[in-house]
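# Structural description and commentary
Take a look at the letters that make up each chain.
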Amino acid sequence: MIEKNIVQKSIREVVHIALGLENRIYIKDLSAHLYWMEKSQFNFGEEYVAKDITIRDLIRMSFAELGIEIEFCGRAELEKGVIIDIDEERLDLLKIDKEYIKFGQTVVKIEDRSSVSIDVNGTIEKHLVQQYIGHFETEIHFDNFIKELIMSNLMVVKKQS
């Protein structure tokens, strides 16, 4: 099953972490792919360029947009994302309290893949790791799309707090 809202969900959780409303994001597979088709910046025709973006890249870019640099370490189910740098000027500009952002803080972990759930028929099934998340075709470039989602989520969450 394709998780259609993985981009929005990931960005919302990144914003919640930056604002101190959550501690970390749990992801099933950081290597899952988004295939993004965007209009070529260098060709004025209708040519589209494919971008292959992992969930890991999406999360890294989302934190970076807020002034937080994370690094991924470990392998498979032990992989995690840790804060390695903070752009205090960026946090100030976005009115994000630095109190909630700490060097060395683990902000991304792998969800337990061995967990089980009961489906509607009452049978037990293991959660499957989704390798293909979605395919998007648009005129907006991925970097701008992430910036817009981060800023709109930041504004909404701040109003709700």
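Structural notes, computed from the coordinates. This one's a predicted model, so the numbers in the text were calculated from it and none came from an experiment.

### A word on the overall build of the protein
- Of the regular secondary structure elements, the protein holds 4 helices and 9 strands.
- For the protein, the succession of helices and strands along the chain, N to C, is α-β-β-β-α-β-β-α-β-β-β-β-α.
- The buried share of the protein, taken over its 161 residues, is 37%.
- Considering only residue pairs separated by 6 or more positions, the protein has 63% of its internal contacts joining residues 24 or more positions apart.
- Here the protein has roughly 9800 Å² of accessible surface; of this, 53% comes from carbon and sulfur atoms.

### Let's talk about the pattern of salt bridges
- Within this structure, the stated rule accounts for 5 salt bridges.
- Residues Lys 9 and Glu 13 are paired through a salt bridge, measuring 3.8 Å at the closest nitrogen-oxygen approach. In this pair, Lys 9 and Glu 13 are both assigned in helix α1 (residues 6-18), 4 residues apart and thus about one turn of the helix distant.
- Judged by relative accessible area, which is 25%, Lys 9 ranks as partly exposed.
- The class for Glu 13 is buried, based on a relative accessible area of 14%.
- Put simply, Asp 92 and Lys 98 hold a salt bridge, and the shortest N to O gap is 2.7 Å.

### So, the packing of α1 against helix α4 (residues 142-160)
- Look at α1 against α4: their axes get within 9 Å of each other, and the N-to-C directions meet at 55°. Our classification of the angle between α1 and α4 gives oblique. The handedness of the crossing between α1 and α4 is right-handed. Two secondary-structure elements touch here, α1 through Val 7, Gln 8, Ile 11, Arg 12, Val 14, Val 15 and His 16 and α4 through Phe 145, Ile 146, Leu 149, Ile 150, Asn 153, Leu 154 and Val 157.

### Notes on the packing of aromatic side chains
- Enumeration according to the criterion identifies 0 aromatic pairs in this entry.
- Across the ring face of Phe 72, the terminal group of Arg 56 is positioned such that the distance to the ring centre comes to 6.0 Å.

### Thoughts on the sheet that holds strand β4 (residues 68-73)
- Spatially, the 4 strands line up as an open sheet ordered β1-β6-β5-β4, and their pairing is mixed. Looking along the sheet, the strands with just one partner apiece sit at the ends: β1 (25-27) and β4. With strand direction ignored, the average angle separating the axes of adjacent strands in the sheet is 25°.
- Note that β1 and strand β6 (residues 106-110) share 3 bridges and pair parallel. Note that in β6 the partner of Tyr 26 across the bridge is Lys 109.
- Sheet strands in contact with α1 are β1, β4 and β6, and its direction is about 150° off that of β1.
- Packing against the sheet, helix α2 (residues 55-65) makes contact with β1, β4 and β6, and its axis sits at approximately 155° to β4.

Reading guide: rules and limits
Residues numbered from 1 in each chain as written. Predicted model: local features only at pLDDT ≥ 70, side-chain atom pairs only at ≥ 80, totals over all residues. Heavy atoms only, no water. Helix = DSSP H or I, 4+ residues; strand = E, 2+ residues; numbered from the N terminus. Buried < 20%, exposed > 50% of the residue type's maximum accessible area, 1.4 Å probe, protein only. Contact = heavy atoms within 4.5 Å. Areas by Shrake-Rupley, 256 points an atom, 1.4 Å probe, with all protein chains shown as cover. Salt bridge = Lys/Arg side-chain N within 4 Å of Asp/Glu carboxyl O. Axes fitted to C-alpha atoms, helices over the stretch in contact; angles between N-to-C directions. Parallel < 35°, antiparallel > 145°, perpendicular 65-115°, else oblique. Left-handed = near helix turned anticlockwise from the far one by under 90°. Phe/Tyr/Trp six-rings, centres within 6.5 Å; stacked < 30°, edge-to-face > 60°. Lys NZ or Arg CZ within 6 Å of the ring centre and 35° of its normal. Pairing = 2+ DSSP bridges.

Remember, this is a structural readout, not a statement about activity or role.
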